[in-house]
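# Summary of structural features
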Amino acid sequence: WQILRLEVDTNGTVRWFVNGKLKQTVVGAASTTSNCAALLALACNGGGANTLEVDYLLAKANRDWTV
């Protein structure tokens, strides 16, 4: 099993982690003006079958509910 983590800051900076190790940071990778959603998908483009086993998908956000 591998643990994949994606962090998105409010300024659009995105960080990718694999098993707790930072793999990449990209400033401005995410829009700060558009709504975003979490999505988990698998595409099979060849003749063989691919398998994706997911234990869980967690999305967390600090939302200001007073706005």
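As a reminder, the structure under discussion sits directly above these lines.
Along every chain, residues carry numbers that run from 1 in the direction the sequence is written. Where local features are concerned, this predicted model is filtered to residues with pLDDT of at least 70; where side-chain atom pairs are given and counted, the filter is 80 or more; whole-chain, interface and lining totals use all residues. Processing note: side-chain calculations cover all non-hydrogen atoms of the structure and skip hydrogens and water entirely.

## Observations concerning the overall build of the protein
Labels follow the DSSP assignment, with helices taken as runs of H or I lasting at least four residues and strands as runs of E lasting at least two, numbered in each case from the N terminus. Regarding its fold elements, the protein presents 0 helices and 3 strands. In this treatment the radius of gyration is a C-alpha quantity, and the globule benchmark scales as 2.2 Å times the residue count to the 0.38 power. What you see for the protein is a C-alpha radius of gyration of 15 Å, clearly larger than the 11 Å of a compact globule of 67 residues, by over 25%. Taken along the three principal axes of its C-alpha coordinates, the protein extends 50 × 25 × 20 Å. Burial classes follow relative accessibility: with a 1.4 Å probe on protein chains only, a residue under 20% of its type's maximum area counts as buried, one over 50% as exposed, and anything between as partly exposed. Looking at the protein residue by residue over its 67 residues, the buried ones come to 10%. Partitioning the contacts of the protein with sequence separation of at least 6, the portion at a separation of at least 24 is 4%. The positive count covers Lys and Arg only, the negative count covers Asp and Glu only, and His and the chain ends enter neither. Just so you know, the charge point we use is NZ for Lys, CZ for Arg, CG for Asp and CD for Glu. Each charge class in the protein can be summarised by its mean position, and for the 6 positive and 5 negative side chains these summaries are 6 Å apart. Should any heavy atoms of two residues lie within 4.5 Å, those residues are considered in contact.

## What to know about unusual backbone geometry
Phi is positive for Asn 19, close to 50 degrees, though the residue is something other than glycine. Along the chain, Asn 19 falls in the loop between strand S2 (14–18) and strand S3 (21–26).

## Things to note about the pairing of S3
Two elements, S2 and S3, share 5 bridges in a ladder whose sense is antiparallel. Paired with Trp 16 across the strands is Gln 24, a residue of S3. When DSSP finds two or more bridges between a pair of strands, those strands are recorded as paired.

## Structural notes on a nonpolar patch on the surface
Candidate patch residues must exceed 30% relative accessible area and have no salt bridge, after which like charges are joined if within 9 Å and Val, Leu, Ile, Met, Phe, Trp or Tyr side chains if within 5 Å. Residue-level accessible areas treat just the shown protein chains as cover; the underlying method is Shrake-Rupley with a 1.4 Å probe. Salt bridge criterion: a side-chain nitrogen from Lys or Arg within 4 Å of a carboxyl oxygen from Asp or Glu. Where nonpolar side chains cluster on the molecular surface, the patch consists of Leu 40, Leu 42, Leu 52, Val 54 and Leu 57 and spans about 450 Å² of accessible area. Mapped onto the secondary structure, Leu 52 falls in the segment after S3. Residue Leu 52 is classed as partly exposed on the basis of its relative accessible area of 42%.

## Brief notes about the pattern of salt bridges
One pass over the structure, following the stated rule, counts 3 salt bridges. With a shortest N-O distance of 2.8 Å, Arg 5 and Glu 7 are connected by a salt bridge. Residues Arg 15 and Asp 9 are paired through a salt bridge, measuring 2.9 Å at the closest nitrogen-oxygen approach. Assessed through its relative accessible area of 19%, Arg 15 is described here as buried.

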